Amino acid sequence: MALLDIRQRAGILFLVVTLGHIILISAQVSSRRGVPVLEAVTFGVFAEVQRGVSSLASAASGFWSGYVVLRDVRAENELLREELANVRIELQRQRALADRSRGLGQLLALRTHIDLDTSAAEIIASGATPDFRTFTIDKGTNDGIDVDMAVIAPDGVVGRVVVPSARAAKVQLLIDRNAAAGVLVTRSRAQGVVVGGGDDRLHLRYVSEAADVAVGDQLVTSGIDGIYHKGFAIGEVTAVDRSGRVYKDITVRPAVDFSRVEAVLVVRTPPPARGVEEEGGL
Amino acid sequence: MTAAWVVLATAVALALQTTMARFGVGGTVTVDFVLVVVVYASLTSGPVTGLLTGTFAGLVQDSLSSGVIGVGGLAKTIVGFGVGVIGTRFIVARPLPRFVVFFGATAVHAVVFIGLHELFRAREFGIPYAAEAGKALGNAIIGVVALQLAELLPGAMERRRLAKPRLRR
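Small disclaimer: the values here were computed from a predicted structure and weren't measured.

Give me the lowdown on helix 6 (residues 129-163) of chain B, citing residues and values where you can.
All names here are of chain B. Across its 35 residues, helix 6 extends 50 Å between first and last C-alpha, which sits within 8% of the 51 Å expected from 1.5 Å per residue. Largest kink in helix 6: about 30 degrees, centred on Leu152, with the proline Pro154 one to four residues after it. Among all positions of helix 6, only Ala131, Glu132, Gly134, Lys135, Ala136, Gly138, Asn139, Ala140, Gly143, Val144 and Leu147 are buried.

Summarise the packing of helix 2 (residues 33-45) of chain B against helix 6 of chain B; cite the residues concerned and give the values.
To characterise two packed helices, one gives the angle between the axes of the helices and the distance between these axes. All names here are of chain B. The interhelical angle for the contact between helix 2 and helix 6, taken along N-to-C directions, is 45 degrees, at an axis separation of 10 Å. Regarding the angle of helix 2 to helix 6, the classification is oblique. The two elements helix 2 and helix 6 meet at a crossing, and its hand is right-handed. Here Leu35, Val36, Val39 and Tyr40 of helix 2 lie close against helix 6, whose contacting residues are Asn139, Ile142, Gly143, Ala146 and Leu147.

With reference to specific residues and values, describe unusual backbone geometry.
All names here are of chain A. Here Arg189, not a glycine, exhibits a phi torsion of approximately 65 degrees, which is positive. Secondary-structure assignment places Arg189 in the loop between strand 6 (180-185) and strand 7 (191-196). The phi dihedral of Tyr206 is positive, around 55 degrees, even though this residue is not glycine. Looking at the secondary structure, you find Tyr206 in the loop between strand 8 (202-205) and strand 9 (218-221).

Report on the interface of chain B and chain A, specifying residues and quantitative values.
Contacts between the two partners involve 39 residues from chain B and, on the opposite side, 43 residues from chain A. If you list the elements that add at least two residues to the side of chain B that touches chain A, you get helix 1 (3-20), helix 3 (47-63), helix 4 (71-89), helix 5 (95-121) and helix 6 of chain B. Split into classes, the residues belonging to the side of chain B that touches chain A amount to 19 nonpolar, 16 polar and four charged.

Before we move on, could you go through the confidence of the model for chain B and cite the residues and values that matter?
Mean pLDDT over chain B stands at 83; residues scoring 70 or higher make up 86%. Overall fold confidence (pTM) sits at 0.59, and the ipTM for the predicted complex is 0.72.

Any chance you could break down the sheet that holds strand 7 of chain A for me, citing the residues and the numbers?
Residue and element names in this part refer to chain A. If you trace the six strands once around the closed barrel, you get 6-7-8-11-10-9, paired in antiparallel fashion. Within the sheet, the average angular offset between the axes of one strand and its neighbour, ignoring direction, is 40 degrees. Two strands pair when backbone bridges link them, and strand 7 and strand 8 are joined in this way by four bridges, in the antiparallel orientation. From the neighbouring strand, Val195 faces strand 8, where its bridge partner is His203.

An account of the pairing of strand 8 of chain A is requested, with residue identities and associated values reported.
Residue and element names in this part refer to chain A. Hairpin connection of strand 7 to strand 8: five residues between the antiparallel strands, including Gly198 at a positive phi of 85 degrees. Bridge count between strand 8 and strand 11 (residues 246-254): three bridges; the pairing is antiparallel. Looking at the pairing, His203 lines up with Thr251 of strand 11.

Just give me the short version of the sheet that holds strand 12 (residues 263-267) of chain A, but keep the residues and values in it.
Residue and element names in this part refer to chain A. Taken in spatial order, the six strands close into a barrel running 1-2-5-4-3-12, and their pairing is antiparallel. On average, each strand axis in the sheet is inclined to that of its neighbour by 45 degrees, with strand direction left out of account. As paired strands, strand 2 (residues 134-137) and strand 5 (residues 169-173) are joined by four bridges and run antiparallel to one another. Within the sheet, the bridge partner assigned to Thr136 lies in strand 5 and is Lys170.

How would you explain the nonpolar core if you had to name every residue and give the values?
Membership of the largest hydrophobic core comes to 104 residues, with the highest contact counts inside it found for Ile152, Val157, Val158, Val194 and Val264 of chain A together with Val37 and Val39 of chain B. Among the elements that line this core, the one with the most residues is helix 2 of chain B, at ten residues. Excluding anything up to four places from it in sequence, Val264 of chain A contacts Ala121, Ile123, Ile137, Val151, Ile152, Ala153 and Val158 of chain A.

Please provide a residue-by-residue account of the pairing of strand 7 of chain A, values included.
All names here are of chain A. Pairing of strand 6 with strand 7, which is carried by five bridges, proceeds in the antiparallel orientation. By the bridge assignment, Gly182 is partnered in strand 7 with Val193. Taken together, strand 6 and the strand that follows it, strand 7, pair antiparallel across an intervening segment of five residues, in which Arg189 is found at a positive phi of about 65 degrees.

For the packing of helix 3 of chain B against helix 4 of chain B, give the residues involved together with the corresponding values.
Residue and element names in this part refer to chain B. In contact at an axis separation of 7 Å, helix 3 and helix 4 are set at 160 degrees when each is read in the N-to-C sense. Taken as axis vectors, helix 3 and helix 4 run roughly antiparallel relative to one another. Seen from above, helix 3 lies across helix 4 with right-handed handedness. Looking at the contact of helix 3 with helix 4 residue by residue, the classes come out as ten nonpolar, 13 polar and two charged.

Reading the values: the criteria
Residues numbered from 1 in each chain as written. Chains lettered and ligands numbered in written order. Predicted model: local features only at pLDDT ≥ 70, side-chain atom pairs only at ≥ 80, totals over all residues. Helix = DSSP H or I, 4+ residues; strand = E, 2+ residues; numbered from the N terminus. Expected span 1.5 Å × (residues − 1). Bend = angle between axes of the 7 residues up to and from the residue. Buried ≥ 20, exposed ≤ 12 C-beta atoms within 10 Å, placed from the backbone. Axes fitted to C-alpha atoms, helices over the stretch in contact; angles between N-to-C directions. Parallel < 35°, antiparallel > 145°, perpendicular 65-115°, else oblique. Left-handed = near helix turned anticlockwise from the far one by under 90°. Contact = placed C-beta atoms within 7 Å. Nonpolar A, V, L, I, M, F, W, Y, C, P; charged D, E, K, R; others polar. pLDDT = per-residue confidence, 0-100. Pairing = 2+ DSSP bridges. Core = buried A, V, L, I, M, F, W, Y, C linked by C-beta atoms within 7 Å.

Now the structure itself:
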């Protein structure tokens, strides 16, 4: 009966639910330290669901290409077409294999080159909402992955780990509107902070009026943010909006094409700044 | 519309979001499948179901995201309630009005969502107009197609069943 009454008073229910949300949001905003427990637990559970969905999709794809298509081909009894199809499939498979080998080769070269303790990981899913730019990788705390570890690709910085679970971790991409990294311009050594714009661009902020920044300048990490080691590629300056001596907006194209990233390296060695802090804390 | 339907639809939307959206990262046109489910439920079942679906789906989505938990829930609650009210007061039975409702709902969601985040984080990124417009377009197309299919499929199947020749004795 009470349920019936509340259903007839949609406005009251709306106000109650809205108030509940505001209380929930206020509680988090006033005491935001580290990762919320609810988020970590839910993500840990859902990562397993994502893993299952990914496996299911692979199995369905394998079933379709390995049985249904072949059965149809046999039913048509056209040997030449079957052979041609098989050759094409094999060609595509070889191409995919070659692409993947190339990507892994680049990753291995990077791993050898940077001389840091890293862990290679594959991307198994993207974020649950398009408003946040995140990936889920298949490595977690069991592999030594922790919060705020840098995630890189052969082309440059991908982002940082924000929520690790036992066997997976959520990575906040550099283009997320909440992401930021300390950078310096390789040509003029000017320093600043790049922040994500929520789309596929970055914005360079907190640049000194005296700094020299121009279109085409390459940006690398400065290593002062306690997350990224110095010298990793960030991107290229594509537009500089300046009025008088003040920089109004500096747009940066990321070095990494986030739509094509399949495998990454998680840097497990903390940068010198954070390493010193952690030692001091102990 | 039952609670089980809402939970199932939200789960399917989240699964679609996490498996298909990775191919759209960095692109201009994206789709928020969960928001589509909320607007669909609101249009077909009214404001109470709409706001409850929005609350549930938004909170689940928030808990899987990196932002403040409740912001997406509040945005989707407002959208669910508003669309539900519109659905009961106006005739939204043709594709064009439905397109407008889906498009507008996505725009309102973006304003509330980004507005609250800007408020709490005190950052000045501005609104990514192109990305949000692309998302509104994607949501509107998916939503209208889903509604049309849900209405047309049962009738088409019934007509096909009746059109089958009967056996003569």
